[in-house]
Amino acid sequence: MKRLLLITLVAGAASFCALPALAADSNECSSLSGDAVLSARTPQVDLYDAPNGKRIKSVDQDKFPKCLAVTQRAPNMMLQVSVDGAVVWVPPHMVNYRLTGKKPAICRNLAMGGNDTKVGATRALGEDCPQKVGAP
Amino acid sequence: MTSPAMHSSLGRAARTWERARRPDRAHVEALKSRVPYWFVVLVLLGFSILQIMLNPFGFSDLTQRYAQDIANLLITGPYLYPTTGRDQVTVALIDEESLHSLQMPWPWRYGDHARALGALLEYRPKAVVIDFLFVDERNDDTLSELVDAIARYKKAGVPLYFEGGINLPYGEAPLLPKLAATGVPILDPSIELYDGVARQYPTSGHCYRGSGGDTCLSAALQVFKDVYPQYPLAPLNDKIELVWGTKTAPINVKLNHDANGKPQPCSEESGALVRTYRAFFDKHTAQSACPYTAIVPIQALMMGLEDKDVSALIPDHVIFYGGSLQGAQDKSFTPVNSRLQPNVFVHAMALDNLISFKGRPQQNVMTVGGTTFSNNPAQIMAIVPIVLILSYMHMRRIRWRQKKTTRKEHGAMMEWFLGKGVEKLWHWLAFFLALGIGLLLAMWVGLSVANWVEDVFIAVELAAMLLIGVPDSFWGYLHHVAGGRPAHSEGAS
């Protein structure tokens, strides 16, 4: 019983101490209005040259700047920010960010295929035809 | 010149031939009642074996698959199959709406897949299986991003699986050499289809790494073996008979909207009686339009925002990362869905079965005492006790009839009703006998319903054969042709 009480007290104290830290990210960037990248979320953050572009570099979590204003949001959810004076795009899953406005709803028509018909064509994938090994 | 012995044997043969051509009906009728037990067993067994082995008019296959579908829709799906597996497997899906809303046309670049995989990793899944083939070399300088994504999975200790191409005509590598060089496990993506419907799943597949001999485990089995070591995988042979659940994942019901954004149910609500009627007479209305396994649309992950649905469906789940793309030719029918389903759901269902049955899924073969019996021998073994019991009861019935002649006769109407009642009871007895033995086999050796249900139909056929006295008449005829004489005739001569 005493052990249970001790564990409860320690857990409670730990949560109490952690609360300000959890709230810090959002409070820290209160000077920024609109959408903002608050901090890095993953051990490394990849920076891209365009929303559908190429990765230009990866920045370690501790070196990634905090409180960056989001200057643009791409349809594929990439966020445009300015890091060390360079305009880059970051994937949203790699950062903690604040989104103003309504989150886009995700709905689906799950009755996807036909019940007695099937597409009788192959999607053109835009790839080169496979080359025969050893072919000129 | 012929000897008297030869003359006598020729005469015997001629009389036998004459009896075969023009049998004495009264003699045959009298000899019928002398049919021995072993002969009844032999006739019934022979008939059963012929039907099971020869599959006349495709009757065996059709019965098996139809019964499996009905069982999935009416019994196993709604009542028996647990949601244990469903609650641990999720499909992260790229579909037409993902491409449209993300404005990322297909095919995606390696870097795009890397981002999706990175987003998945943030939710700490138990394992991720990539259901896309990366076979073709193409001019895409983001390949290194996918290689890095693999490294991040390794670092995080989350198993990541790729699938490899099979039977590639020009000797292409099953997986891009740069990806294969990372040492990532490669799985065989094969599935089993029967008339376009996914009811079975392979237990073995190609080996891609040159180890494990000629055959390795199939995709779902390999993932199960690696990720669920607490459930030892039973030694499996031939194929898994998939049990398709019907309790659609709640997230799919929540997601399902029509083209105008109006919520749509996945299937029509109905009670057991209406569902039974629909299953037999209007199958499509008894099936679900939505997949069984939970779906997380890929853009929900790519957004990176906190979402309680995503947070509940990815952490500690096995994720199948796949696509539902028109024209990609990667869809099949299932017994419980009214629409074509992307094949990623077949892999997910196979793993679901393995989890739900704790590594002992239903099979199309049975293994007893270390020996595996394929489908037909298994069915023949299952029919043997039914034949023995029905034959025994038939013999009792013959003896009872013989004794009855000495008892008081009932009125004609009473006789008719009694006869009809016995007839019905007899068929139901055979039916339930076979059903009971089938259920015992399902529970004992994991033999799927599809692989013993034909025995139920055969049992009823055997009952009908015994009711009209086929083995008795056959015996009476053969005995008569061989020169047998009824007791009264012997006495008279």
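Higher on the page you've got the structure.
Definitions and cut-offs
- Residues numbered from 1 in each chain as written.
- Chains lettered and ligands numbered in written order.
- Predicted model: local features only at pLDDT ≥ 70, side-chain atom pairs only at ≥ 80, totals over all residues.
- Helix = DSSP H or I, 4+ residues; strand = E, 2+ residues; numbered from the N terminus.
- Rg over C-alpha atoms; globule rule 2.2 N^0.38 Å.
- Buried ≥ 20, exposed ≤ 12 C-beta atoms within 10 Å, placed from the backbone.
- Pairing = 2+ DSSP bridges.
- Axes fitted to C-alpha atoms, helices over the stretch in contact; angles between N-to-C directions.
- Contact = placed C-beta atoms within 7 Å.
- Nonpolar A, V, L, I, M, F, W, Y, C, P; charged D, E, K, R; others polar.
- Core = buried A, V, L, I, M, F, W, Y, C linked by C-beta atoms within 7 Å.

Another point: the overall build of chain B. The helix and strand inventory of chain B stands at 20 helices and 15 strands. Here the C-alpha atoms of chain B give a radius of gyration of 31 Å, more than 25% beyond the 23 Å that 2.2 N^0.38 yields for 493 residues. In terms of its C-alpha atoms, chain B occupies a principal-axis envelope of roughly 100 × 60 × 40 Å. Taking all 493 residues of chain B together, 42% fall into the buried category.

Moving on, we come to the sheet that holds strand β6 (residues 197–202) of chain B. All names here are of chain B. Spatial ordering of the open sheet is given by β5-β6-β9, a layout of 3 strands whose pairing is antiparallel. Of all strands in the sheet, those with a lone pairing partner are β5 (192–194) and β9 (239–241), marking the two edges. Here the strands of the sheet are splayed against their neighbours by 40° on average, with no regard to which way each runs. Here 3 bridges tie β6 to β9, and the two strands are oriented antiparallel to one another. Within the sheet, the bridge partner assigned to glutamine 200 lies in β9 and is glutamate 241.

Contacts between the two partners involve 36 residues from chain A, matched on the other side by 51 residues from chain B. Of the residues in the side of chain A that touches chain B, the class split is 16 nonpolar, 10 polar and 10 charged.

Here we take up the pairing of strand β6 (residues 79–83) of chain A. Residues and elements named next belong to chain A. For strand β5 (residues 72–73) and β6, the ladder comprises 2 bridges, and the chain directions are antiparallel. Within the sheet, the bridge partner assigned to arginine 73 lies in β6 and is leucine 79. Taking the residues that link successive antiparallel strands as the turn, the β5-β6 hairpin has 5 residues, and the phi of methionine 77 there is positive, at about 80°. The pairing of β6 with strand β7 (residues 86–90) spans 5 bridges and is classified as antiparallel. Across the sheet, the residue bridging to glutamine 80 is tryptophan 89, located in β7.

Turning our attention to the nonpolar core. By size, the foremost hydrophobic cluster in this structure holds 103 residues, and its most contacted members are Val90 of chain A together with Leu120, Leu301 and Leu351 of chain B. Sequence-distant contacts of valine 90 of chain A, defined by excluding residues within four places in its chain, comprise Val37, Val45, Leu47, Met78, Leu79, Val81 and Val95 of chain A. By size, the runner-up hydrophobic cluster in this structure holds 30 residues, among which are Leu44, Ile383, Val453 and Ile458 of chain B.

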